[in-house]
Amino acid sequence: MNIEILGGCGEYGRNCFYIEINQQAILFDCGIMNDDSQRLPHLEKRHVEKLQAVFISHLHQDHVGALSLLVAYDYQGPVILSEITADWLSSELPLNFCPFELSQAASWQTVTEALQFLWGNSGHVIGSVWYSVVFHHKHIFFSGDVSLTSPLYPIDFPPRLTYDVAFIDSGNAGQQISNLNSKETMRQIIEQGAFDRFKIESKFTSKCLEILIYFYQTTTIPLLVDQVIYQWLQFHWKHRANLLLKARNELQDLLASPRLKRIATNDEKGGVYFVSNEQFALRKMNEHLNHLPFKNHLDTNEIYYFSNYLGARQTIYFHSQACTPQTTLSEIIKLNQ
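Predicted model, so just to flag it, every value in this text is computed and none were measured.

What counts, and at which threshold
Residues numbered from 1 in each chain as written. Predicted model: local features only at pLDDT ≥ 70, side-chain atom pairs only at ≥ 80, totals over all residues. Heavy atoms only, no water. Phe/Tyr/Trp six-rings, centres within 6.5 Å; stacked < 30°, edge-to-face > 60°. Helix = DSSP H or I, 4+ residues; strand = E, 2+ residues; numbered from the N terminus. Buried < 20%, exposed > 50% of the residue type's maximum accessible area, 1.4 Å probe, protein only. Core = buried A, V, L, I, M, F, W, Y, C linked by side-chain atoms within 4.5 Å. Contact = heavy atoms within 4.5 Å. Pairing = 2+ DSSP bridges. Right-handed = clockwise from strand over helix to strand, strands pointing away. Axes fitted to C-alpha atoms, helices over the stretch in contact; angles between N-to-C directions.

Caption draft 1: Looking closely at the packing of aromatic side chains. A full pass over the atoms with the stated rule returns 27 aromatic pairs. For the ring pair Phe100 and Trp119, a centre distance of 5.0 Å and an interplane angle of 10° mean the geometry is stacked. Linking Phe100 in strand S6 (residues 96–100) with Trp119 in strand S8 (residues 115–121), this pair joins segments that are 19 residues apart in sequence. On the basis of relative accessibility, which here comes to 4%, the residue Trp119 falls in the buried class. Ring plane angle 10° and centroid distance 6.1 Å describe the contact between Trp232 and Phe235, whose orientation is recorded as stacked. One end of the pair is Trp232 and the other is Phe235, both in helix H7 (residues 227–238) and three residues apart, which spans about a single turn. Like Trp232, the residue Phe235 is buried in the burial classification. An aromatic cluster is present here, built from Phe17, Phe28, Phe55, Phe100, Phe117, Trp119, Tyr131, Phe142, Phe167 and Phe318 joined pairwise through their rings.

Caption draft 2: Representation of the nonpolar core within the structure. Among the nonpolar cores identified, the biggest contains 58 residues, and Phe28, Phe55, Tyr131, Val133, Phe215, Val272 and Phe274 are the most heavily contacted of them. In terms of residues, this core owes the most to one element, helix H6 (residues 206–218), which gives seven residues. Excluding its chain neighbours within four sequence positions, the residues that come into contact with Phe274 are Ile200, Cys208, Ile211, Leu212, Phe215, Leu223, Leu224, Val225, Asp226, Ile229 and Ile263.

Caption draft 3: Main features of the pairing of strand S5 (residues 78–82). By the criterion of burial, S5 is predominantly enclosed, with five of the five residues buried. Relative to S5, strand S4 (residues 51–55) runs parallel, the two sharing two bridges. Counted as the bridge partner of Phe55 is Ile80 from S5. The sheet contact formed by S5 and S6 spans five bridges and is parallel. Residue Ser82 lies in a different strand from S6, and its bridge partner there is Phe100. Note that the unit made of S5, helix H4 (residues 83–89) and S6 has a crossover that is right-handed.

Caption draft 4: The sheet that holds strand S9 (residues 129–135), seen in detail. The six strands lie next to each other as S7-S8-S9-S10-S11-S16, forming an open sheet whose pairing is mixed. What marks the edges here is a single partner per strand, and that holds for strand S7 (109–112) and strand S16 (314–318). Neighbouring strand axes in the sheet, compared pairwise and without regard to direction, differ in orientation by 20° on average. Of the strand pairs in this sheet, S8 and S9 are connected by seven bridges, and their pairing is antiparallel. Bridged to Phe117 within S9 is Val133. Along the sheet, helix H9 (residues 300–310) contacts strand S10 (138–142), strand S11 (165–169) and S16; its crossing angle with S11, the most-contacted strand, is approximately 160°.

Caption draft 5: Just the sheet that holds strand S12 (residues 197–201), in detail. Pairing is parallel across the open sheet formed by four strands, whose spatial order is S12-S15-S13-S14. Only two strands of the sheet have a single neighbouring strand rather than two, namely S12 and strand S14 (260–262). Neighbour-to-neighbour, the strand axes of this sheet turn through a mean angle of 25°, independent of strand direction. The pairing of strand S13 (residues 223–225) with strand S15 (residues 271–275) spans three bridges and is classified as parallel. Looking across to S15, one finds that Leu224 is bridged to Tyr273. Across the sheet, H6 lies against S12, S13, S14 and S15, angled at about 165° from S15, the strand it touches most.

Here is the structure:
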C-alpha cells in the first residue's frame with residue numbers, strides 16, 4: 001500500500017490523501033489551502049489516471065476547493081459524497097457525483113470488486129461524513145473533519161475493524177476547548193457592552209449557527225447577518241433532516257424571530273453582526289468575540305480517545321500545522337504540556 005500525502009499534514013487546509021494498491025488508487029478529499037494563497041494539493045495526472053473513486057467528506061473549500069483539478073485531468077470516475085454536499089457542489093463542476101442519502105441507514109456499498117465503503121455522520125458541518133473503506137483487503141479509515149460534541153449535527157461512531165491505516169482530524173491538537181464556556185464568555189461580553197456593535201466573522205461553519213442560536217436563547221440583543229450567512233441558514237433549513245431534532249426546532253424559531261435581521265448597508269445599530277468577509281472592516285466594531293477559542297475539530301483529549309477507539313496499525317494526523325505524517329499520539333499529547 002502506497003500512501004501519498006498530497007496536502008493537509010503540517011498545514012491547516014489543502015486536505016488531499018492518495019492511496020494506491022496494485023496499480024489502483026483512491027483519493028480522500030481534494031481541497032485548497034485555507035488562506036489567501038489558496039494553494040492546490042500536489043495532485044498530478046499520474047495520480048488521477050489510477051483513481052477508482054474519490055471520497056469527499058464535506059463541503060468546506062479546504063476539502064473540495066481543488067476538485068477542478070480532477071476536471072482538468074479528465075477524471076471520469078465516481079465522486080462519492082453525501083447528497084447534501086452534492087447539492088452544495090453539483091452546479092459548479094462537470095464531475096460524476098455519486099451521492100448517498102444521509103436520511104437512510106448506512107450500509108456497506110460496493111464501488112468495484114476490490115473497493116467497498118461505509119459512511120457515517122461526523123458532526124462537523126451539515127452533510128459531513130467519515131469513511132470506513134476496504135480496498136484490496138486493506139482496511140482504511142478517513143475521519144474527514146469531526147466534532148464529537150456538536151449540538152447541531154449527528155455523530156456516528158465507525159465500526160471497530162482492524163484498520164491498516166487511519167487518517168484522523170487533529171485540527172484542534174494541543175488545545176482543550178469548551179464551546180459552552182466560550183459562548184457564555186461571549187454572552188457576558190455582550191451584556192457589558194449592550195449598545196456596542198460586535199462582529200463575528202464566519203463563513204459556512206457550524207460556529208456561525210451554534211452561536212446564533214445561543215445568543216437568540218440567552219440574550220435580547222439584535223442579531224444581524226449578511227446575505228451569505230442568511231443563505232447558509234436557509235441551506236440548513238432546506239436540509240434540516242440532517243440536524244438534531246432540538247437544533248431543528250431552534251433553527252425554526254430563530255428564522256421566524258424578528259430579532260434576526262439581514263444587514264443593511266447603512267446599519268449602525270447595536271447588535272451582533274455575523275459577517276462572511278471583510279465588508280465591514282472599515283466600520284468600528286468590537287472584535288472581542290472573534291478572538292475567543294471555538295472548537296470545530298477534535299482537540300487533544302478527543303484525538304486520544306478516537307485514536308484508541310480505532311486502534312489502527314498506522315495513524316496519520318492531519319489538519320494541523322503541528323502534525324506531520326510522522327507525528328505520534330504521544331507527541332500530540334505533549335502539545336498540551
